[in-house]
Amino acid sequence: MALYEHVFISRQDLSNAQAEGLVEHFGGILKDNGGSLVDSEYWGLKTMAYKIKKNRKGHYAYLRSDAPAPAVQEMERLMRLHDDVLRILTVKVNKHEEGPSVVVQSKNQRDERGGGRRRRDD
């Protein structure tokens, strides 16, 4: 089986629980078709560079899978049909990186430093 990484964006008006539920739903589709979900991360609600289907923000989710190509194609087909999913990106990789993704690592570093942007007092 091949290794894949998937990122999808869902609508901004979903709750965090509903967005995380989509991750479980699409992971289940992979499992039903002979694949497995290696890891998943919910990246949160982020502002997009431009509007997609009248949405300025979106819930980002990241999946790592080990699945045959037909299972990935079926998952992508169902993602395209799902009303809550705005965009999908699937990339075939040679191996999965160990540990959290770069997005989660940078978020953790920001938290350790003490927050986000600082304002200057004039």
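Residue positions are given per chain, counting from 1 as you read along its sequence in written order. Owing to the predicted nature of the model, reporting of local features is limited to residues with pLDDT of at least 70; listing and counting of side-chain atom pairs is limited to 80 or more, with chain, interface and lining totals taken over all residues. In computing side-chain values, all of the structure's heavy atoms are included and hydrogens and water are not.

Participant: Just checking my understanding: could you explain the nonpolar core for this structure?
Facilitator: Grouped burial of nonpolar side chains is what soluble globular proteins tend to show. Only buried residues count toward a nonpolar core. Its members are Ala, Val, Leu, Ile, Met, Phe, Trp, Tyr and Cys residues joined through side-chain atoms within 4.5 Å. Residue exposure (1.4 Å probe, protein chains only): buried if accessible area is under 20% of the type maximum, exposed if over 50%, otherwise partly exposed. Grouped together as the largest cluster of nonpolar side chains are 17 residues, with contacts concentrated most on Phe8, Phe26, Leu30, Leu63, Met75 and Met79. For helices the rule is a DSSP run of H or I covering at least 4 residues; for strands it is a run of E covering at least 2, with both sets numbered from the N terminus onward. Of all the elements in the fold, those that place two or more residues in this core are β1 (2-11), α1 (16-32), β3 (55-67) and α2 (69-81). Considering each element in turn, this core owes the most residues, 5 residues, to α1. Those residues in contact with methionine 75 that lie beyond four places of it in its chain are His6, Phe26, Ile29, Leu30 and Leu63. In terms of nonpolar packing, the next biggest core, distinct from the first, is built from 8 residues, Trp43, Ile52, Tyr62 and Leu86 among them. The contact definition used throughout considers only heavy atoms, calling two residues in contact when any of these lie within 4.5 Å.

Participant: Just checking my understanding: could you explain the pairing of β1 for this structure?
Facilitator: Looking along a regular strand, one sees the side chains alternate between the two faces of the sheet. Burial analysis of β1 places 8 of its 10 residues in the buried class, the great majority of the element. At least two bridges found by DSSP between two strands is the condition for calling them paired. Examined bridge by bridge, β1 and β3 share 10 bridges and lie antiparallel to one another. Each residue of the ladder has a partner; that of histidine 6, found in β3, is leucine 63. Relative to strand β4 (residues 85-93), β1 runs antiparallel, the two sharing 8 bridges. Bridge pairing in β4 links tyrosine 4 to lysine 92.

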